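# Structural features, examined
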Amino acid sequence: MALVNGPATGSPASRTEAIDTLLSRYGRDPHALVQILREAQEQLGWLPRPVLVFIARELALPLAQVEGVVGFYRFFHTRPVGALRILFSDNVTDRMLGNAELLADLCRRLGVRRGQVRADGRVSIDFCSCTGLGDQGPALLINHHQVITRLDAERVAQIAERIEAQVPLDEWPAQWFRVVDNVQRADVLLGTPLPPGSAIAAGLARGAAGLLDEIKQSNLRGRGGAGYQTGRKWELCRAAPGSAHYVVCNADEGEPGTFKDRVLLTRQPDLLFEGMTLAALGVGARQGFVYLRGEYRYLLEPLREVLYRRREQKLLGSAIQGVEGFDFDIDIHVGAGAYVCGEESALIESLEGKRGTPRIRPPFPVEQGYLGQPTTVNNVETYCAAAHVAVHGAAWWAGIGTPKSTGTKVHSVSGDCERPGIYEYPFGTRVGRILEDCGARDTQAVQVGGPSGLCLSAFEFGRRIAFEDVPTAGAFMVFDRSRDMFEVARNFAHFFAHESCGFCTPCRVGTALVVKRMDKLAAGHGSRHDIDVLFELDKLMHTATHCGLGGAACNPLRDTIAKFRPAYEQHLKSLYFEPAFDLDAELSVARRMTGRDDAASHLEDAHE
Ligand SMILES: Cc1cc2nc3c(=O)[nH]c(=O)nc-3n(C[C@H](O)[C@H](O)[C@H](O)COP(=O)(O)O)c2cc1C
Ligand code: SF4
């Protein structure tokens, strides 16, 4: 069967063989579908229909299901894309650093329109959601597995030159691809690493029940956003009946402005794997997964190397640290560009090779997760923290932070400040302290926890980062007084509409309506009526959506309307109803056809 008719490389026979080898490597397991598609695309550049037909047949899946999965993820392509597929990160902080102008400049230099493939097939250029490099932006992704940071006009010109001269990517200057950790303030998690194996040894010494007790006593709460008690989650998972239990690390980190897991994965992978192994001991799991966001594909090989080393060191695999029956291993699953897959049940669907549609809960993953079995899903930082609790004990951990928010929190600081980067503080730290440390001046607002989080204005900078005051999953975006907070909220509205998975109507339609109203305001056609409608949409979406994405989609709107209303009002054309439909603009076609552009041919002038 010839698999590819398009410009993918190699002969049809060799391509068939390559896909066949890939399928064999995954044991023709339909649950590996997303990984198989990702790897097939890495080999071929895109996913031609004959490839999908072949994969569907070999995995005994309906073709419609395979096509449905491909259609769900933004990083899969069923049409040829440029040999170099360039995606500019489009978070609001990238915008503030001029990403749109740089993209336009690159498009102009290469003679390609945004979102299209150049006629010679060499390059395509577009935007994507935040790439998790807010401290060293503007950034772009090339072919989904390489990143270029700190873009400026000069670098864009050099990139264009290399593309035109067909210089292979591996001959481009290495420093362009350098991603730095940028740790500005380290505390427990980012400080001196624990010796590999020490947390596992501490966990083994306590035993599963003792370990669970210690984690509970520490009052460690999940760092992924919701702040659920980790010890309780592990206990529920252990107690749930099932033929197997699973441990999953949520490294999807898609919340715009968040990049702290990227740094933990780079700097403390042993700590993460140690924490996951402890969770396995606690819940009785033999298999773990790291769900790594597609934008962090470049971390896959370094992480795999750490896993190999740990197997050699008897810190993973069978009889860990020589303990018969303590068997646990970890696999890495790479996502394919869908923010909603950070939601734990959507993540599990994706791990099972499906579209990342959030499940109806209950049952929660701790009861019925991966393959319907009890599964604990935790954030990268949560596992790292658990390893420290095992080593130092619950009392030590609970002595850091506040009674309801124990330990430290890692923040991704970006935006208008002198020293963006990673800052780790004990819980209870004032927002103002972080602003001082990062060199923020004349700050108007801070978006804590990303677009789903809270927008704080200057009179709130005395508030503290803690679950009982200002909770956060890690993003800390700073906006000085030169920024238009309406435009910040509009960028977030576009993000949520772009990332809505479309499963439920209130979110699919609601996020689109919010964008429409915001764009109407931005275009100068808004009225107070539009702001009232936005309030109504917020109420509706908060209560009626199927998962947290839709529920949080209006958070930035609500906060910015309440705290920065003048920013909205300056965009109002009138205080009363103003139609989005611009009749005068619509008449421009008629004017062109009749060759008229005098005052009388314009609506308003004609009325005078
Ligand atoms: C739309 C959406 C996106 C999410 N993205 C992430 C994410 O990128 N990383 C994460 O750890 N949790 C994310 N969460 C929260 C997870 O559903 C889950 O609560 C978390 O992984 C649990 O880990 P924890 O208990 O250690 O916090 C997201 C939730 C929603 C609704
Ligand atoms: S709320 Fe949005 S993201 Fe969540 S299931 Fe509904 S459509 Fe999908």
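For the structure itself, consult the block above.
Presented here is an overview of the structure given in this document. These numbers were taken from a predicted model, which means no experiment stands behind them.

### Considerations on the overall build of the protein
When helices and strands are counted, the protein shows 25 helices and 14 strands. Its C-alpha atoms give the protein a radius of gyration of 25 Å, within 12% of the compact-globule value 25 Å for 608 residues. Counting every position in the protein, which comprises 608 residues, the buried fraction comes to 58%. Carbon and sulfur atoms make up 52% of the accessible area of the protein, which amounts to about 24,200 Å² in all. Distance between charge centroids for the protein: 2 Å, based on 67 positive and 74 negative side chains.

### Topic: the environment of Leu534
Relative to the helices and strands, Leu534 resides in helix 19 (residues 528-544). Note on Leu534: relative accessible area 1%, which makes it buried. Between the C-alpha atom of Leu534 and that of Leu557, which follows or precedes it by 23 residues, the distance is 7.8 Å. With near-sequence residues (within four places) excluded, Leu534 lies in contact with Val514, Arg517, Met518, Leu521, Leu557 and Ile561.

### Let's talk about the nonpolar core
If you look at the biggest cluster of nonpolar residues, it comprises 140 residues, and the most contacted ones within it are Leu37, Ile55, Tyr73, Met276 and Leu292. Leu37 has contacts with Leu47, Leu52, Ile55, Val66, Val69, Val70 and Phe76, leaving out every residue within four places of it along the chain.

### Regarding the site of ligand 2
Lining the immediate environment of ligand 2, one finds 13 residues, of which Cys501, Phe503, Cys504, Cys507 and Cys547 sit closest. A molecule is said to occupy a pocket when more than half its atoms come within 2 Å of that pocket's grid points, and by this definition ligand 2 occupies the largest cavity.

### Notes on the layout of surface pockets
Of the voids in this model, the largest pocket is the one considered here, and its volume is about 1,400 Å³. Taken together, 50 residues line the largest pocket, and the ones lying closest to its centre are Gly224, Gly225, Ala226, Gly342 and Glu343. Among the elements that take part in the lining of the largest pocket, strand 9 (residues 375-379) stands out by supplying five residues, more than any other. Of the residues in the lining of the largest pocket, the class split is 17 nonpolar, 22 polar and 11 charged. In this structure, the second largest pocket is lined by 43 residues; those nearest its centre are Arg114, Phe127, Cys128, Ser129 and His498. The biggest single contributor to the lining of the second largest pocket is helix 17 (residues 485-499), with eight residues. Looking at the lining of the second largest pocket, its residues break down into 16 nonpolar, 12 polar and 15 charged.

### Digging into empty space enclosed by the protein
Per the counting criterion, the structure on display carries one cavity of 30 Å³ or more. If you go around the largest cavity, you meet 13 residues; those closest to its centre are Pro358, Cys501, Cys504, Cys507 and Cys547. For the lining of the largest cavity, the per-class residue count stands at eight nonpolar, five polar and no charged.

### Side note on the site of ligand 1
Among the 18 residues in the neighbourhood of ligand 1, the closest are listed as Gly224, Lys233, Glu344, Asn379 and Thr382. Taking Arg223, its main chain carries an N or O atom lying 3.3 Å from an oxygen atom of ligand 1. Measuring from an oxygen atom of ligand 1, one finds a side-chain N or O atom of Asn379 at 2.8 Å. Here ligand 1 loses 87% of its free accessible area of 620 Å² to cover by the protein chains. Judged by its atoms lying within 2 Å of the grid points, ligand 1 is housed in the largest pocket. Elements with a minimum of two residues in the shell around ligand 1: strand 9 and helix 20 (548-552). Looking at the shell around ligand 1 residue by residue, the classes come out as three nonpolar, nine polar and six charged.

### Overview of the pairing of strand 11 (residues 421-426)
Counting buried residues along strand 11, five of its six residues qualify, which places the element largely inside the surrounding structure. By the bridge criterion, two bridges tie strand 5 (residues 183-185) to strand 11 in an arrangement that is parallel. Across the sheet, residue Arg185 finds its bridge partner in strand 11, namely Tyr423. Summarising the sheet, strand 10 (residues 408-415) and strand 11 pair through six bridges and their orientation is antiparallel. When the sheet's bridge partners are listed, His411 is paired in strand 11 with Tyr423. Counting the residues between successive antiparallel strands, the hairpin from strand 10 to strand 11 contains five residues.

### Notes on the packing of aromatic side chains
Tallying each qualifying case throughout the model produces 15 aromatic pairs. When the centroid spacing of 5.8 Å and the interplanar angle of 65 degrees are considered together, the rings of Tyr73 and Phe76 count as edge-to-face. Aromatic ring contacts, followed pair by pair, group Phe72, Tyr73 and Phe76 into a single cluster. Seen from the ring of Phe127, Arg95 lies directly overhead, with NZ or CZ sitting 5.4 Å from the centre. Taking the ring centre of Tyr296 as reference, the NZ or CZ of Arg293 above it sits at 5.2 Å.

### A few points about the pattern of salt bridges
Applying the stated rule across the entire model yields 56 salt bridges. A salt bridge links Lys233 to Glu344, with the shortest nitrogen-to-oxygen separation between them at 3.9 Å. Within this pair, whereas Lys233 is found in helix 9 (residues 230-239), its partner Glu344 is found in helix 13 (residues 344-351), the two being separated by 111 residues in sequence. On the accessibility criterion, Lys233 (15% relative accessible area) is buried. A salt bridge links Asp329 to Arg311; the nearest nitrogen and oxygen atoms lie 2.9 Å apart. Taken together, the residues span a long stretch of sequence, with Asp329 in strand 8 (residues 329-334) and Arg311 in helix 12 (residues 300-312) at a distance of 18 residues. Exposure remark for Asp329: the relative accessible area of 22% places this residue in the partly exposed category.

### Let's talk about helix 17
Taking 1.5 Å as the rise per residue, helix 17 with 15 residues should run 21 Å; its terminal C-alpha atoms sit 21 Å apart, in good agreement. All of the buried residues along helix 17 are Met485, Phe486, Val488, Ala489, Asn491, Phe492, Ala493, Phe495, Phe496 and Glu499.

### Observations concerning the sheet that holds strand 1 (residues 84-89)
Taken together, the four strands give an open sheet; going across it, the order is 2-1-3-4, and neighbouring strands pair in mixed fashion. In the strand order of this sheet, the two ends are held by strand 2 (123-128) and strand 4 (146-148), each with one partner. With direction set aside, neighbouring strand axes in the sheet form an average angle of 25 degrees. As judged from the three bridges shared by strand 3 (residues 140-142) and strand 4, these two strands associate in the antiparallel manner. Bridge pairing in strand 4 places Leu140 opposite Ile148. Its contacts with the sheet put helix 6 (residues 99-110) on strand 1 and strand 2, and the angle it makes with strand 2 is roughly 170 degrees.

Procedures and definitions
Residues numbered from 1 in each chain as written. Chains lettered and ligands numbered in written order. Predicted model: local features only at pLDDT ≥ 70, side-chain atom pairs only at ≥ 80, totals over all residues. Heavy atoms only, no water. Helix = DSSP H or I, 4+ residues; strand = E, 2+ residues; numbered from the N terminus. Rg over C-alpha atoms; globule rule 2.2 N^0.38 Å. Buried < 20%, exposed > 50% of the residue type's maximum accessible area, 1.4 Å probe, protein only. Areas by Shrake-Rupley, 256 points an atom, 1.4 Å probe, with all protein chains shown as cover. Lys, Arg positive; Asp, Glu negative; His and termini not counted. Charge placed at Lys NZ, Arg CZ, Asp CG, Glu CD. Contact = heavy atoms within 4.5 Å. Core = buried A, V, L, I, M, F, W, Y, C linked by side-chain atoms within 4.5 Å. Near = heavy atom within 4 Å. 1 Å grid on protein atoms, 1.4 Å probe; cavity = no way out; pocket = protein on both sides within 12 Å on 5 of 7 lines; lining within 4 Å. Sits in = over half its atoms within 2 Å of the grid points. Points joined across faces, edges and corners; volume = space filled by probe spheres on them. Nonpolar A, V, L, I, M, F, W, Y, C, P; charged D, E, K, R; others polar. Polar contact = N/O pair within 3.5 Å; in protein donor to acceptor, adjacent residues only side chain to side chain. Pairing = 2+ DSSP bridges. Phe/Tyr/Trp six-rings, centres within 6.5 Å; stacked < 30°, edge-to-face > 60°. Lys NZ or Arg CZ within 6 Å of the ring centre and 35° of its normal. Salt bridge = Lys/Arg side-chain N within 4 Å of Asp/Glu carboxyl O. Expected span 1.5 Å × (residues − 1). Axes fitted to C-alpha atoms, helices over the stretch in contact; angles between N-to-C directions.

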